[in-house]
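# Architecture and fold: a report
Here are the chains, one letter per residue:
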Protein chains: 2
Amino acid sequence: MNGTKYEHDEDAAAALRQTSLRVTKQRIAVLDAVRDHPHADTETVIRSVRESLPAVSHQAVYDSLHTLTEVGLVRCIQPSGSVARYERRIGDNHHHLVCRSCNLIVDVDCTIGQAPCLTPSHDAGFVIEQAEVTFWGLCPDCAHVGVQAAGDSQPSVV
Amino acid sequence: MNGTKYEHDEDAAAALRQTSLRVTKQRIAVLDAVRDHPHADTETVIRSVRESLPAVSHQAVYDSLHTLTEVGLVRCIQPSGSVARYERRIGDNHHHLVCRSCNLIVDVDCTIGQAPCLTPSHDAGFVIEQAEVTFWGLCPDCAHVGVQAAGDSQPSVV
DNA sequence: AACCTTTCCTTGACTGATTCAAAAGAACCA
DNA sequence: TGGTTCTTTTGAATCAGTCAAGGAAAGGTT
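Residues numbered from 1 in each chain as written. Chains lettered and ligands numbered in written order. Predicted model: local features only at pLDDT ≥ 70, side-chain atom pairs only at ≥ 80, totals over all residues. Heavy atoms only, no water.

Take the relation of the copies chain A and chain B next. Relative to chain B, chain A is turned by 179° and slid 0.0 Å along the rotation axis, the superposed coordinates differing by an RMSD of 0.1 Å. Considering both components of the superposition, the chain copies are consistent with a two-fold axis. Closest approach to the rotation axis among the C-alpha atoms of chain A is made by V133(A), whose C-alpha sits 2.3 Å away. When the interface residues of chain A are mapped onto chain B, 100% of them again fall at the interface, so both copies present the same face. (Least-squares fit on C-alpha atoms with pLDDT ≥ 70 in both. Contact = heavy atoms within 4.5 Å.)

Structure below.
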C-alpha cells in the first residue's frame, strides 16, 4: 500500500516533527498532495489524498491545510475569482503569473530579492511585512489561440 | 426623497451614458454607494443602496456590480481571505495596502507608473497585461496596539 | 404622448466552498 | 501500557454568489 513513497513520507514527516504538530497519516498525505500538485485547490488535494487514504474526510483536509498554513509548511494563495489554492514552495516570497483564459498559475521569482521585495510610493503609516504580486495575462497556449482566432476578439491591454 | 444628491446622480448617470448601458436608478445608486464606500463588499453596497432605494433586490446589486465591472466603471478586488470588494477609482492601476489585523484597505499609487508597472524576472512565455500588487502588513492603529501590548505576542515578519 | 422592443429588476430557489460542533479515534509522554 | 491531549470523523449548517422565469422599466419610434 505504501511501498514506493518513503522519500515523500519522510520529507513530510520530518517537516511536521520540526513543528509542534502531531505527525499523522492525514497531514503527511496532505503535504505530499500539495507537493505533487502545485497550486492545487482543496478539491484536488482531497482527491489526491484519497488515492492513498480513501477514507479521509474533507474536513480533515480543510483542517490540515489550515494548520499547515498557520505553521508555515504550506502557503495559501487566492487570486481574484479563484478558490483557495496551496503550494509547498515557501519562504522565498516568489510571485505568480495567472492566465486570464485558462487559469494556469506559474511561479516567478521575486522581482528584486527578499521580502518585501517592493516598497510602495508612500506607506500610509503601515508596517509592511510582505508584497504579494500577481501578474495577469495569457499563457503561451491561450495567447496563440487568441492570435490565430481572428486577432480582434481579444480586447486591449489594461 | 432624492433632493440633495444631484451631483452624485449626475456623475453616475453621465458615466453610464458613456457606455451602452441603460441608466437606471439601481445602477446610479450602486455607483454612488461604491464611491461613498471605497473597498466596500457587496453586503455594504447593498445596505448603502437601500438607504435611497429600500426595495432593491440583492440580485440587482450583484448584477449591477458585475455589469459595471465589465464595462470598467468599477473595479473588483479580492485580497486573499476576503469577499469581493469594489472601488470606483479606476484606470490608474493603483495598488493596495491591507492590514492583516483589522482588514483595513488603503490605496497606494502605482510603484513605477503605468500598467504593467512591474516586469517579472522571467515571464514563462506569458503575455502580461497587468501587475497587481498587494502589500500586507499592519495599519498604524494595529501596529501601535501590537507594540503596547507586550511586544512578543505579535510574531515575526514573513 | 402612446407603443414596442430590448434590457433590467424582482422573486425565490439553489449551488458549492467553507465552517461548526460533538463524539470517536489516534499520537505522544510518562 | 495508560492517560491526556490533539486529530479526525460525522453530519449539519452557513455564507457568498448564481440561476431562471416572469414582470417592469428604459429609450427609441411613430
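Moving on, we get to the protein's contact with DNA strand D. As a structural note, the neighbourhood of DNA strand D is formed by 21 residues, with R22(A), T24(A), S57(A), Q59(B) and H66(B) the closest of them. Backbone atoms, meaning sugar and phosphate, form 63% of the atoms of DNA strand D found within 4 Å of the protein. Here S57(A) contributes a side-chain N or O atom positioned 2.8 Å from a phosphate oxygen of DNA strand D. T42(B) is positioned with one of its side-chain polar atoms (N or O) 3.4 Å from a phosphate oxygen of DNA strand D. Residue classes in the surface near DNA strand D are distributed as eight nonpolar, nine polar and four charged. (Near = heavy atom within 4 Å. Polar contact = N/O pair within 3.5 Å; in protein donor to acceptor, adjacent residues only side chain to side chain. Nonpolar A, V, L, I, M, F, W, Y, C, P; charged D, E, K, R; others polar.)

This next bit is on the interface of chain A and chain B. Each partner contributes to the interface: chain A provides 41 residues, whereas chain B provides 41 residues. Buried surface at the junction of chain A and chain B, both sides included, amounts to about 3600 Å², of which 57% is carbon and sulfur. If you look at where chain A meets chain B, you find two salt bridges. R100(A) is the partner of E129(B) in a salt bridge, and the nearest nitrogen-oxygen pair spans 2.6 Å. Our count for the contact surface shared by chain A and chain B stands at 16 residue pairs in polar contact (both at pLDDT 80 or more). If you list the elements that add at least two residues to the side of chain A that touches chain B, you get strand 4 (95-99), strand 5 (105-108), strand 6 (127-138) and helix 5 (140-148) of chain A. (Buried area = accessible area lost by both parts, 1.4 Å probe. Salt bridge = Lys/Arg side-chain N within 4 Å of Asp/Glu carboxyl O. Helix = DSSP H or I, 4+ residues; strand = E, 2+ residues; numbered from the N terminus.)

A few words now on the protein's contact with DNA strand C. Lining the immediate environment of DNA strand C, one finds 19 residues, of which Q59(A), H66(A), R22(B), R27(B) and S57(B) sit closest. In DNA strand C, the atoms that sit within 4 Å of the protein are 66% sugar and phosphate, with bases accounting for the remainder. Between DNA strand C and the protein, one listed contact pairs a phosphate oxygen with a backbone N or O atom of A84(A) at 3.2 Å. One nitrogen or oxygen atom from the side chain of R27(B) is found 2.8 Å from a phosphate oxygen belonging to DNA strand C. Elements supplying a minimum of two residues to the surface near DNA strand C: helix 4 (58-71) of chain A together with helix 2 (25-36) and helix 4 (58-70) of chain B. Here the surface near DNA strand C gets four residues from one element, more than from any other, and that element is helix 4 of chain A. Among the residues forming the surface near DNA strand C, the class breakdown is eight nonpolar, eight polar and three charged.

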